[in-house]
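Chain by chain, the residues:
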Amino acid sequence: MLEQLLIFTRGGLILWTCKELGNALKGSPIDTLIRSCLLEERSGAASYNYDAPGASYTLKWTFHNELGLVFVAVYQRILHLLYVDDLLALVRREFSEIYDPKRTVYNDFDETFRQLRMEAEARAEELKKSKQMVKPVNNSKKQGQAQKAGFDKGNKKREGSSAAGGGDDNDEGKGRKLENGHSNGNIFEFDEPRMTAAVNGKENTSSNFSAFDVSKLQKRTKCGKKTDTVVNKGSKVDPKKKVTKKNRVWDDAPPETKLDFTDPVDGNGNEKIEVVPASQGESMMDVEEIISSDSEGEEDDNVQKDSKPEATKKGWFSSMFQSIAGKANLEKGDLEPALKALKDRLMTKNVAEEIAEKLCESVAASLEGKKLASFTRVSSTVQAAMEEALVRILTPRRSIDILRDVHAAKEQRKPYVVVFVGVNGVGKSTNLAKVAYWLLQHNVSVMMAACDTFRSGAVEQLRTHARRLQIPIFEKGYEKDPAIVAKEAIQEATRNGSDVVLVDTAGRMQDNEPLMRALSKLIYLNNPDLVLFVGEALVGNDAVDQLSKFNQKLADLSTSSTPRLIDGILLTKFDTIDDKVGAALSMVYISGAPVMFVGCGQSYTDLKKLNVKSIVKTLLK
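Residues numbered from 1 in each chain as written. Predicted model: local features only at pLDDT ≥ 70, side-chain atom pairs only at ≥ 80, totals over all residues. Heavy atoms only, no water.

## Re the overall build of the protein chain
The number of helices and strands found in the protein chain is 20 helices and 13 strands. For the protein chain, the proportion of its 621 residues judged to be buried stands at 40%. (Helix = DSSP H or I, 4+ residues; strand = E, 2+ residues; numbered from the N terminus. Buried < 20%, exposed > 50% of the residue type's maximum accessible area, 1.4 Å probe, protein only.)

## Concerning the UniProt feature "domain: SRP54-type proteins GTP-binding" (unreviewed entry) in the protein chain
On the UniProt side, "domain: SRP54-type proteins GTP-binding" (unreviewed entry) is annotated at positions that read residues 594-607 here. With 0% helix and 43% strand, residues 594-607 has its two end C-alpha atoms placed 16 Å apart. (UniProt positions renumbered as here; feature names shortened; annotations may be inferred.)

## As for the pairing of strand 1 (residues 2-9)
With 8 of 8 residues buried, strand 1 lies mostly within the body of the structure. Direction of pairing for strand 1 relative to strand 5 (residues 69-76): antiparallel, over a ladder of 7 bridges. Each bridged residue has a counterpart across the sheet, and for L5 the counterpart in strand 5 is A73. By the bridge criterion, 3 bridges tie strand 1 to strand 2 (residues 14-17) in an arrangement that is antiparallel. The residue bridging F8 from the neighbouring strand is I14, located in strand 2. Where strand 1 hands over to strand 2, the hairpin turn is made up of 4 residues, of which G12 adopts a positive phi near 100 degrees. (Pairing = 2+ DSSP bridges.)

## Re unusual backbone geometry
Phi is positive for N443, close to 60 degrees, though the residue is something other than glycine. Take N443: it is sitting in the loop between helix 14 (428-440) and strand 7 (446-450). The exposed category is assigned to N443, whose relative accessible area is 71%. A positive phi angle, close to 60 degrees, is found at E479, a residue other than glycine. Structurally, E479 is set in the loop between strand 8 (473-474) and helix 16 (482-496).

## Details of the side chain of Q510
Along the chain, the position of Q510 falls in the loop between strand 9 (500-504) and helix 17 (513-526). One polar contact links Q510 to D545, side chain to side chain, over a distance of 2.8 Å. Among residues more than four places away in sequence, those in contact with Q510 are V423, M516, D542, D545, Q546, K549, F550 and K553. (Polar contact = N/O pair within 3.5 Å; in protein donor to acceptor, adjacent residues only side chain to side chain. Contact = heavy atoms within 4.5 Å.)

## Describing the confidence of the model for the protein chain
Per-residue pLDDT for the protein chain has a mean of 76; in total, 70% of the residues score no lower than 70. Throughout residues 137-237 the model reports pLDDT below 50, and contacts reaching past four residues in sequence, or to other chains, amount to 62 contacts. Overall, residues 288-326 carries pLDDT values under 50, and its contacts beyond four positions in sequence, including any with other chains, amount to 33 contacts. (pLDDT = per-residue confidence, 0-100.)

## A short note on a nonpolar patch on the surface
A cluster of nonpolar side chains, M1, I78 and L79, forms an exposed patch at the surface whose accessible area comes to about 340 Å². Within the secondary structure, L79 is located in the loop between strand 5 and helix 2 (84-98). (Patch = residues over 30% accessible without salt bridge, like charges linked within 9 Å, V, L, I, M, F, W, Y side chains within 5 Å. Areas by Shrake-Rupley, 256 points an atom, 1.4 Å probe, with all protein chains shown as cover. Salt bridge = Lys/Arg side-chain N within 4 Å of Asp/Glu carboxyl O.)

## So, the sheet that holds strand 9
With respect to topology, 8 strands assemble into an open sheet ordered 8-7-9-6-10-11-12-13, the strand pairing being mixed. Of all the strands in the sheet, the pair left with one neighbour each is strand 8 and strand 13 (607-608). Bridge count between strand 6 (residues 416-421) and strand 10 (residues 530-536): 4 bridges; the pairing is parallel. Along strand 10, the bridge assignment pairs V421 with F533. Packing against the sheet, helix 13 (residues 402-411) makes contact with strand 6, strand 9, strand 10 and strand 12 (595-599), and its axis sits at approximately 135 degrees to strand 6. (Axes fitted to C-alpha atoms, helices over the stretch in contact; angles between N-to-C directions.)

## As for the packing of aromatic side chains
Pairs of aromatic rings are described using the distance from one ring centre to the other and the angle between the two planes. A full pass over the atoms with the stated rule returns 11 aromatic pairs. A centroid spacing of 5.1 Å and a plane angle of 90 degrees characterise the contact between W16 and F109, whose relative ring orientation is edge-to-face. Pair noted here: W16 is in strand 2 and F109 is in helix 3 (residues 109-146), with a separation of 93 residues, a long-range link. Comparing W16 with F109, the two get one shared label, buried. With centroids separated by 6.2 Å and ring planes inclined at 80 degrees, the aromatic side chains of F71 and F95 adopt a geometry described as edge-to-face. (Phe/Tyr/Trp six-rings, centres within 6.5 Å; stacked < 30°, edge-to-face > 60°.)

## Some thoughts on the pattern of salt bridges
In the structure shown here, the tally under the stated rule is 24 salt bridges. When the shortest N-O distance is used, the salt bridge between R404 and D405 registers 3.6 Å. Among the ionic pairs, D511 bridges to K549, the shortest N-O distance being 3.0 Å. One end of the pair, D511, is in the loop between strand 9 and helix 17; the other, K549, is in helix 18 (residues 542-556), and 38 residues separate them in sequence. Residue classification places D511 among the exposed residues on the basis of a relative accessible area of 53%.

## Notes on helix 19 (residues 582-591)
The element helix 19 is largely enclosed, with a buried count of 9 among its 10 residues. Taken residue by residue, helix 19 has G582, A583, A584, L585, S586, M587, V588, Y589 and S591 as its buried positions. Two residues or fewer past helix 19, G592 is found with a positive phi of approximately 75 degrees.

## A look at helix 1 (residues 29-38)
Each α-helix turn comprises 3.6 residues. Residues three or four places apart therefore point the same way. Among all positions in helix 1, only P29, I30, T32, L33, C37 and L38 are buried. For helix 1, the buried positions fall inside an angular range of 155 degrees around the axis, keeping them on one side. Elements that come into contact with the buried residues of helix 1 comprise strand 1, strand 3 (48-52), strand 4 (55-64) and strand 5. (Arc of directions from axis to C-beta.)

## Side note on the side chain of N526
As for its position among the elements, N526 is in helix 17. There is a polar contact of 3.4 Å between the side chain of N526 and the backbone oxygen of A483. Reaching out from N526, the side chain makes a polar contact with the backbone oxygen of L522 at a distance of 2.8 Å. Discounting chain neighbours no more than four positions away, the residues touching N526 are A483, A486, K487 and I490.

## Here's the deal with the sheet that holds strand 3
Pairing is antiparallel in the open sheet, where 5 strands are placed in the order 2-1-5-4-3. Strand pairing shows two members of the sheet lacking a second neighbour, strand 2 and strand 3, which therefore form its edges. Going from strand to strand, the sheet's axes swing by 25 degrees on average, the running direction of each strand aside.

## Some remarks on the packing of helix 11 (residues 353-367) against helix 19
Interaxial distance between helix 11 and helix 19 falls to 10 Å at its minimum, and their mutual angle equals 70 degrees. Comparing the axis directions of helix 11 and helix 19 gives the class roughly perpendicular. Like other packed secondary-structure pairs, helix 11 and helix 19 cross with a definite hand, here left-handed. Contact residues: I355, K358 and L359 in helix 11; L585, S586, Y589 and I590 in helix 19. A class-by-class count of the residues in the contact of helix 11 with helix 19 yields 5 nonpolar, 1 polar and 1 charged. (Parallel < 35°, antiparallel > 145°, perpendicular 65-115°, else oblique. Left-handed = near helix turned anticlockwise from the far one by under 90°. Nonpolar A, V, L, I, M, F, W, Y, C, P; charged D, E, K, R; others polar.)

## Observations concerning the environment of A24
Structurally, A24 can be placed in the loop between strand 2 and helix 1. Owing to a relative accessible area of 70%, A24 belongs among the exposed residues under this scheme. Residues A24 and E3, 21 residues apart in the sequence, show an inter-C-alpha distance of 8.1 Å.

In structure tokens, the structure reads:
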């Protein structure tokens, strides 16, 4: 049974709801659909599943882009109603005829909807009965075809009415398909070696066209050796001259700066800690706004100056999609070429293929049926819609002001806890130190917690950063339970009055269940204020797999009914990718978590905020 059907505008004004169905929905499926799907550019999906205590709903929707209307149907997921898509199409057609932007009440639509629902249900029943009647006929037809035999090697087409006697070749006659992978109910005969190669998709050594000539490979190898020998002989110009290796001269002068920050000891074994504190200037987190505004202005000037060469270079893209003369509304066929070009462009910028395809489907759903303005190309309309979609995705849905949250926790007399998680070798410890350096510049007392008790040298690495930054560190050595170490560190920070606890964890692959279980235990036991996923900007398609599996494992392995997932992302090595910035988009799209920090160097100051406008320009450039 259909639970609810709503009609509302894109601005959020509800125009009509079905009073017959009632409003007894458990939870808030409509609000969740708007927040998690429609606003996050996932409207190209076929449906959305919503789980609430005691109920599981499936939501389907359609748009009227010209009028700016959204039609949403809600029903129990277990029912699998077949008429919902048809009903939404009928409601969309009928309601668009009576829609008036000045009206807000449509009580007269109740009777129309009742008739439309009866019509859609009757049509679904007829379709169901017709399928049940056709099914036995198809089975008998397949059985009759399966009994055919006498397969010979001619290229003649057998008629469906022929029924020869069975033989050993009966199995070969079954399941014969055309080259495009589909069968039209008739059996075609092919030459046997050709058919084997077409079906299996492998090289058949018995055929004349699929074998590899090994003699050619041997000849090439011999030629290669011969040419190498000639080159080597030719390289000996003068055999009398003997090449001698020059001795390396080592500089005995002491280094100007201290590079080794491990435990210094004297002759008696006593430690002598004389560490130069890190003072490398102001963190780029605080100067990013000034720099980004200047750079954006320069980029705009460069775009205006180079507009003619760029238009000449991409003339094929512009010429393909001229404004459509005489068409009132955009159709899917008009959008496909422009979306295909945009998808290819996003993939060249390291956006995962799955994400680029879903984005294009969502943009197509938001533009289909929309009226094209005069003297406007389809390509520019699609590009503008994609730009709006990318800005919406990358803009955080909630506040990510860590300093404000730290002061709020300080007023409650408890430390603000940040846990850094991620796969191996992405730079968790180094970027943890960068975050600590930035917090110190804002007069926030920081303590590090060495909870990477798995990797050799992890504690010493964090201890070195702590000495450089002159902040306390809580450590218990190796082979300890990281969840207990983190708990004791938070207790110690509460006693000492530290404002922030930065918890370093061991790197782990997303498929390593024992380590993921330990991480889930650490997060559940200590309930941190922020769970930061540290990922590389180089990963590309693997970012989707990493983040989705991290979130899935944290949800599955947690003993809580409301498990904690990833709250934010820290992207490292952002200075090494040039314009391949697509990993940021892939990570945000798959997790819904914002990019809170961007690592762009190897010093403590090299930490930035994500410039959304700059990223969008780079992706669409």
